[in-house]
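Now for the letters of each chain:
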Amino acid sequence: MELGVIGLGRMGRIVVDRSLDAGHDVVAFDLDAEATAAAAEAGATPADSVSDLADRLGEERRIWLMVPAGDAVDATLDELEPHLDAEDVVVDGGNSHFEDSVRRAESCPAAYLDCGTSGGPASAEAGFSLMVGGPAWAYEELTPVFDAVATGPAGHDRMGEAGSGHYVKMVHNGVEYALMQAYGEGFELLHEGRYDLDLEAVARTWNNGAVIRSWLLELCEEAFREEGSDLGDVADRIEGGSTGTWTVQEALEQEVPLPLIYQALAERFSSRGDGRFSRRLANRLRYGFGRHEVQRE
Ligand SMILES: NC(=O)C1=CN([C@@H]2O[C@H](COP(=O)(O)OP(=O)(O)OC[C@H]3O[C@@H](n4cnc5c(N)ncnc54)[C@H](O)[C@@H]3O)[C@@H](O)[C@H]2O)C=CC1
Ligand SMILES: O=C(CO)[C@H](O)[C@H](O)COP(=O)(O)O
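Residues numbered from 1 in each chain as written. Chains lettered and ligands numbered in written order. Predicted model: local features only at pLDDT ≥ 70, side-chain atom pairs only at ≥ 80, totals over all residues. Heavy atoms only, no water.

In the nomenclature of an unreviewed UniProt entry, the protein is known as 6-phosphogluconate dehydrogenase, NAD(+)-dependent, decarboxylating of Halorarum halophilum. Taken from UniProt, the Catalytic activity (unreviewed entry) comment for the protein reads in full: "6-phospho-D-gluconate + NAD(+) = D-ribulose 5-phosphate + CO2 + NADH". In its Subunit (unreviewed entry) section, UniProt records this for the protein: "Homotetramer." (UniProt positions renumbered as here; feature names shortened; annotations may be inferred.)

Right under this line is the structure:
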């Protein structure tokens, strides 16, 4: 298949590389010319602009957006619009709000797939987990690319109609906040408690057969290995927060109580000044899965 990829940062570049590795042809564009050139070196056909990318694709255009959520998605769609028709498919693989995706699906001349993407840059080799919303025919049409970008056929599925992919990803991120908070609290007690513990050894032991083993716990193990049991100079400051806020807002609207996710979000908002260990670990874990910059003292 021939795929256009717009946005070649930490995530978009993985879409390019995995698609090329699976034998697909890729036309690539980023506002940053260096990112476009780097994708070309990897085997993609470079485009000079969004319009140029659309022109270089064949009759039935398949285009994957991996730009920051918000205005960049709308700006890209505005530029694409004159080139699109009902036979074309656009995938938004970023962390867009599901209501924005519903609006875009209604106004986009092409079939529109909202695709929640989990795994982060650390999943370049293994592939992502993809949660897709939108028309079934478009999902089936893009399945060869989803197979390549995800961990494989089991790593993606169609969640339902427009918006459902980003809705599921929003809730995923709420769960991510709560899990990070739970691990953080447990390790904080171990760190402050009665025994002088090697927390990397604790995490490693838990990761080998314990009920609470997980990828986030593997990232805890990595963080303690690289930063030390006291997390060194990792600051008590957790950035991000938009996707967790959306989850809590939706829970309030639906009158579904989510005290753990809300509390984890509140911890982020109050993460200033008092050096909470749990938040310093969450700060470091966001580097582990997302290559988000570690805030340091
Ligand atoms: N980093 C992560 O762990 C994850 C990120 N995401 C989502 O994936 C999307 C991309 O994230 P990253 O790759 O991490 O961001 P990034 O900042 O590494 O890359 C974004 C790229 O888009 C380019 N760009 C911005 N506006 C553009 C435009 N109008 N046209 C063309 N290119 C444009 C930038 O130059 C940059 O190269 C975001 O929506 C993010 O929330 C989703 C899951 C995980
Ligand atoms: O989607 C992700 C992981 O699943 C991204 O890493 C996202 O940036 C995490 O959310 P936040 O920035 O609010 O911590």
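This is not the end of the story, as more comes after the structure.
Novice: Got a minute to help me understand the UniProt feature "active site" (unreviewed entry) in the protein in this structure?
Specialist: Taking the numbering used here, the UniProt-annotated feature "active site" (unreviewed entry) corresponds to Lys169 and Glu176. Take lysine 169: it is sitting in helix 7 (residues 164-192). Relative accessible area serves as the criterion here: at 5%, lysine 169 is assigned to the buried category. Those residues in contact with lysine 169, other than ones at most four positions away along the chain, are Asn95, Gly116, Thr117, Ser118 and Met131. The exposure class assigned to glutamate 176 is buried, which follows from its relative accessible area of 17%. Not counting residues within four places of it along the chain, the set of residues in contact with glutamate 176 comprises Leu216 and Phe289. (Helix = DSSP H or I, 4+ residues; strand = E, 2+ residues; numbered from the N terminus. Buried < 20%, exposed > 50% of the residue type's maximum accessible area, 1.4 Å probe, protein only. Contact = heavy atoms within 4.5 Å.)

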